[in-house]
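For reference, the chains in residue letters:
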Amino acid sequence: MYKKLLALILLINLVQIPVFADSIGNNINEKEYPDANSVLPNQNGESIVIEGSVEKNIEMNLERCIEIALGNNPQINAAFQDILASDARIKQVWSNYFPQISWQTGYTKIKQLQLSDALGKNLTFNYYILGQVTLQQMLYDFGVTQNQATIKRLDYENYKQALTSTINDVIYQTKDAYYNLLFAMESKRVAEDTVHKFEMFYDQAKAFYKIGMNPKVDVTIAEANLSNSKLQLIQADNAVNLAIAKLNNVMGVPFIDKYTVQERLDYIPVDITLEKSVDIAREARPELKQAEIKVESAKQTLKLVKKSYFPTLSVEGQYQRGGKSWNSNYGYNIGGYLNFPTVNGMLVRNEIKEARYLYDKEIANATTTQNAIYLEIQNAFLLLTEKKNQIPVALLQVKQAKENYELSYGRYRVGEASPTELKDSQILYQQAQLSYYNALYQYNSAKAALEKAIGKNIITEEDAIELKQADDKGSKGNVNKS
């Protein structure tokens with residue numbers, strides 16, 4: 001009874017006069033029980049100082065990160081260059097209908113074997129060409145160039161869809177990295193709060209030891225717990241730095257100036273069904289359109305191979321100047337030609353078979369792509385639903401763990417609870433907070449994965465309200481103008 005009364009008196013004094021409480025904790029053999037702020041792991045005899053990983057220079061949010069990523073990510077730039085190169089290949093095919101001009105000059109010395117043998121003497125001729133200009137124009141190739149241009153145009157459309165797919169991937173990676181950064185920052189806040197709680201535990205244990213209520217082992221336990229919590233804080237601080245580095249790399253700006261993120265992990269409900277997700281994907285998912293384009297490209301290739309027998313209609317004109325000397329004579333020719341290709345019947349027949357089999361293959365691949373996307377949407381939707389259901393449970397665990405900690409800490413301050421009970425409640429509260437923030441992170445990441453799976457951002461209720469307000473303002477403006 002006497003010990004409890006003494007503990008209550010000490011508790012009142014600790015609450016009313018915090019400076020006196022600090023003096024109590026510091027006056028007990030400082031070398032053996034140092035102040036809580038100095039209980040840190042040592043490196044080379046110096047204390048490791050934990051500093052903020054982010055300086056308040058530039059404010060950053062998710063929209064700004066996405067803008068930077070779309071403008072700087074090298075994957076997007078590479079995909080865009082593929083589009084430009086594909087457009088150039090289309091023009092290369094249509095160049096078949098443009099005239100071809102060649103120019104030649106030279107000198108030739110000829111000794112004809114047959115005439116020399118028949119006449120019994122060597123006959124040597126010198127032949128000079130001052131210039132030979134040839135102009136050739138293809139008039140019609142019975143649709144071969146058109147088929148080739150169609151295939152290249154389909155390739156161009158395929159690269160455009162590949163760019164869209166790359167953009168979707170980059171946006172998803174940016175969102176996931178951004179949410180991971182928010183989670184790391186929340187984890188650091190939890191670690192800082194845990195350090196603060198263990199500091200109070202440590203100071204309380206020293207105070208109890210001074211008045212003889214608790215044994216020395218309680219102070220030792222509190223000191224070890226405080227050191228461990230500060231080690232966790234160092235790890236959490238480094239995790240923030242790693243998350244920032246990952247986000248910067250995804251955005252394509254690894255050497256960007258330091259910035260600060262003011263947003264917090266939050267839960268924004270998403271109202272979308274699996275059927276609606278699939279319907280959106282049919283219209284927006286670029287991989288589905290790519291599969292359709294590949295099928296059509298294989299079909300056009302089959303048509304092209306079947307035209308291997310077709311001739312080419314062209315005209316050609318040539319002018320020459322030269323002869324026995326560089327400028328002794330001239331000549332010209334002009335004519336129209338119907339050129340038939342050299343045909344290997346067996347080769348062409350099997351090329352047609354190959355093209356037909358590849359066409360059937362692309363049809364099967366399109367079905368495989370469709371099934372894989374449907375499975376991806378299912379997985380993303382079910383994962384989002386799971387994480388959505390986890391959030392209220394995790395929040396309830398935080399409330400329960402906080403209440404348990406507050407009760408344990410109150411009991412410990414009046415000498416009713418053991419250090420082990422208080423430590424367990426503190427660790428349980430810390431783990432509950434981390435579990436809650438992890439559930440928020442996984443929910444937001446799953447939402448981003450579902451948006452990638454359907455190929456379009458999901459409009460939440462808040463977004464819909466903002467869009468409606470914007471539309472209303474726009475419609476009012478139009479009415480006033482009219």
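This text goes with the structure placed above it.
We now turn to the structure provided with this report. Quick caveat: nothing in here was measured; it's all calculated off a predicted structure.

## Quick notes on the pairing of strand β5 (residues 124–140)
At step 1: Here strand β4 (residues 100–111) pairs with β5 via 11 bridges, running antiparallel. Paired with Gly106 across the two strands is Ile129, which belongs to β5.
At step 2: The pairing of β5 with strand β7 (residues 312–323) spans 11 bridges and is classified as antiparallel. The residue of β7 that forms the bridge with Leu135 is Gly317.

## Side note on unusual backbone geometry
Trans peptide bonds make up most of the peptide bonds, and negative phi angles are found at most residues other than glycine.
At step 1: Phi at Phe142 is positive, roughly 60°, even though this residue is not glycine.
At step 2: In this fold, Phe142 is placed in the loop between β5 and α6 (144–211).
At step 3: What makes Phe142 partly exposed here is its relative accessible area of 34%.

## Focus on a nonpolar patch on the surface
At step 1: The grouping of Leu139, Tyr140, Phe142, Tyr309, Phe310, Leu313, Val315, Leu338, Phe340 and Val343 at the surface amounts to a nonpolar patch, some 880 Å² of accessible area in total.
At step 2: Residue assignment for the nonpolar patch shows that the elements contributing at least two residues are β5 and β7.
At step 3: Following the sequence through the fold, Tyr309 ends up in the loop between α9 (286–306) and β7.
At step 4: The class for Tyr309 is partly exposed, based on a relative accessible area of 39%.

## Regarding the pattern of salt bridges
A side chain with one charge can pair with a side chain of the opposite charge if their charged atoms come near.
At step 1: Enumeration according to the criterion identifies 18 salt bridges in this entry.
At step 2: Between Asp169 and Lys452 there is a salt bridge, and its shortest N-O distance comes to 3.5 Å. Of this pair, Asp169 sits in helix α6 while Lys452 sits in helix α11 (residues 419–454), and the two are 283 residues apart along the sequence.
At step 3: The partner of Asp237 in a salt bridge is Lys188, and the shortest N-O contact between them spans 2.8 Å. Highlighted residues: Asp237 in helix α7 (residues 216–251) and Lys188 in helix α6, separated in sequence by 49 residues.

## Some words on a positive patch on the surface
At step 1: Positive charge collects at one region of the surface, where Lys299, Lys303, Lys306 and Arg356 lie side by side.
At step 2: A total of 3 residues in the positive patch trace back to one element, the largest contributor, which is α9.
At step 3: Topologically, Lys306 is positioned in helix α9.
At step 4: By relative accessible area, Lys306 is classed as partly exposed at 40%.

Definitions and limits used
- Residues numbered from 1 in each chain as written.
- Predicted model: local features only at pLDDT ≥ 70, side-chain atom pairs only at ≥ 80, totals over all residues.
- Heavy atoms only, no water.
- Pairing = 2+ DSSP bridges.
- Helix = DSSP H or I, 4+ residues; strand = E, 2+ residues; numbered from the N terminus.
- Buried < 20%, exposed > 50% of the residue type's maximum accessible area, 1.4 Å probe, protein only.
- Patch = residues over 30% accessible without salt bridge, like charges linked within 9 Å, V, L, I, M, F, W, Y side chains within 5 Å.
- Areas by Shrake-Rupley, 256 points an atom, 1.4 Å probe, with all protein chains shown as cover.
- Salt bridge = Lys/Arg side-chain N within 4 Å of Asp/Glu carboxyl O.
- Lys, Arg positive; Asp, Glu negative; His and termini not counted.
- Charge placed at Lys NZ, Arg CZ, Asp CG, Glu CD.

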